[in-house]
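# Structural description and commentary
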Amino acid sequence: MKRPLIGLTLRYDPRDGSGYLSSEYAAALEAAGGAPVHLALLPEEEYVEAVVERVAGLLLPGSASDVDPRLYGREPHPELGEVHEVRDRVERLVIAAAERRRLPLLAICYGMQAWNVFRGGTLIQDIAAEYGTAIAHRQRAPRGERTHWVDLLEGSRVALLAGARRLWVNSHHHQAVEVVGEGLRATAWAEDGIIEAIEAEDEDWFAVGVQWHPEVRWAEDEFSRALFRRFVQECRAR
Ligand SMILES: N[C@@H](CCC(=O)NCCCC(=O)O)C(=O)O
């Protein structure tokens, strides 16, 4: 069966300007039948269009950086983390190109936040400072461990994939979706009310964002495997 090409954006290393990404993302896509290809960190519209024209879907991965709050009309909060302008610019070009084509989209952590901001939504710049909660959304437990529950909206794409109303997930973020962007809906929440997943309201377009990291130890987790399989199926159907 032909493998669909699926584009992934890269994280930015400010020490030398390089792009990098955990191989877990590509491994999860490949195991699900996809052919992952990484986009260079080049915020050039002509380049991004040339690549997005040739792929069947896009995965927007996590980042060690925060989305520039000026992109959603806010001044930087004292607890804001690093902003990597080049990553923000590439992500917005990729999202725009994907949306014009209604390509299947899977947005993870930073990727979900960038997508929400692209759609006119806002972020909580620092959960601990601005929101206050007993849940450690930036978990101290090892990266691969899961540390809190998320409740899933009945009938949502994540709920249908989970075949359940809640999931036990890992958590590596200090920001979160605040106001959901236009044409998107929240589909999962932590017990403290923090939004943990979003999806496009358009029922005919597979576009999903999750705040946790399904690529981490994906082989051990049935929901993660189901999510990547379904995403790849949507890409193959393009
Ligand atoms: N600004 C965001 C970044 C969330 C994110 O993508 N975290 C991934 C870091 C963990 C890793 O992949 O190493 C936030 O902190 O909310």
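See the structure shown above.
Since the model is a prediction, treat every value here as computed from it, not as a measurement.

### With respect to the site of the ligand
Neighbouring the ligand are 14 residues, the closest being Arg11, Ser63, Asp66, Cys109 and Gln175. A distance of 3.0 Å is found between an oxygen atom of the ligand and a backbone nitrogen or oxygen belonging to His174. Measuring from an oxygen atom of the ligand, one finds a backbone N or O atom of Gln175 at 2.8 Å. The protein chains hide 87% of the 420 Å² of surface that the ligand would expose on its own. Considering only residue class, the shell around the ligand consists of two nonpolar, nine polar and three charged.

### Overview of the pattern of salt bridges
Counted by the stated rule, this structure contains 22 salt bridges. The shortest N-O distance in the salt bridge between Glu53 and Arg101 comes to 2.8 Å. A residue pair is termed long-range when its members are at least 10 positions apart, and Glu53 in the loop between helix H2 (45-52) and strand E5 (57-60) and Arg101 in helix H3 (residues 85-101) qualify at 48 residues. A residue is classified by how much of its surface remains accessible, and Glu53, at 53% relative accessible area, is exposed. By relative accessible area, Arg101 is classed as partly exposed at 21%. The closest approach of N and O atoms between Glu154 and Arg165, which form a salt bridge, is 3.6 Å. Of the two residues, Glu154 is situated in the loop between strand E8 (148-152) and helix H6 (157-162) and Arg165 in the loop between H6 and strand E9 (166-169); the sequence distance between them amounts to 11 residues. Residue Glu154 is classed as exposed on the basis of its relative accessible area of 61%. It is possible to trace a salt-bridge network through shared partners that takes in Glu49, Glu53, Arg100 and Arg101.

### Details of the side chain of Glu91
Here Glu91 shows up in helix H3. Of the residues examined, Glu91 reaches a relative accessible area of 0% and is grouped as buried.

### Side note on the nonpolar core
The biggest cluster of nonpolar side chains holds 67 residues, and the ones touching the most others in it are Leu58, Leu59 and Trp115. Per-element accounting of this core gives the leading share, seven residues, to helix H7 (residues 222-236). Residues in contact with Leu58, not counting those within four places in the same chain, are Ile6, Gly7, Leu39, Val52, Val94, Ala98, Leu103, Pro104, Leu105, Leu106 and Phe231. Counting residues in each nonpolar core, the second largest holds six residues, with Ile135, Ala176, Ala190 and Ile194 among its members.

### Details of the pairing of strand E6 (residues 105-108)
Side chains of E6 alternate between two faces, with Leu105 and Ala107 and Leu106 and Ile108 buried alike. Direction of pairing for E5 relative to E6: parallel, over a ladder of three bridges. Each bridged residue has a counterpart across the sheet, and for Leu58 the counterpart in E6 is Leu105. At this point the chain moves from E5, through H3, to the parallel E6, and the crossover so formed is right-handed. Relative to strand E13 (residues 207-210), E6 runs parallel, the two being bridged by four bridges. Bridging from a neighbouring strand, Leu106 pairs with Val208 of E13.

Quick notes on the rules
- Residues numbered from 1 in each chain as written.
- Predicted model: local features only at pLDDT ≥ 70, side-chain atom pairs only at ≥ 80, totals over all residues.
- Heavy atoms only, no water.
- Near = heavy atom within 4 Å.
- Polar contact = N/O pair within 3.5 Å; in protein donor to acceptor, adjacent residues only side chain to side chain.
- Areas by Shrake-Rupley, 256 points an atom, 1.4 Å probe, with all protein chains shown as cover.
- Nonpolar A, V, L, I, M, F, W, Y, C, P; charged D, E, K, R; others polar.
- Salt bridge = Lys/Arg side-chain N within 4 Å of Asp/Glu carboxyl O.
- Helix = DSSP H or I, 4+ residues; strand = E, 2+ residues; numbered from the N terminus.
- Buried < 20%, exposed > 50% of the residue type's maximum accessible area, 1.4 Å probe, protein only.
- Core = buried A, V, L, I, M, F, W, Y, C linked by side-chain atoms within 4.5 Å.
- Contact = heavy atoms within 4.5 Å.
- Pairing = 2+ DSSP bridges.
- Right-handed = clockwise from strand over helix to strand, strands pointing away.

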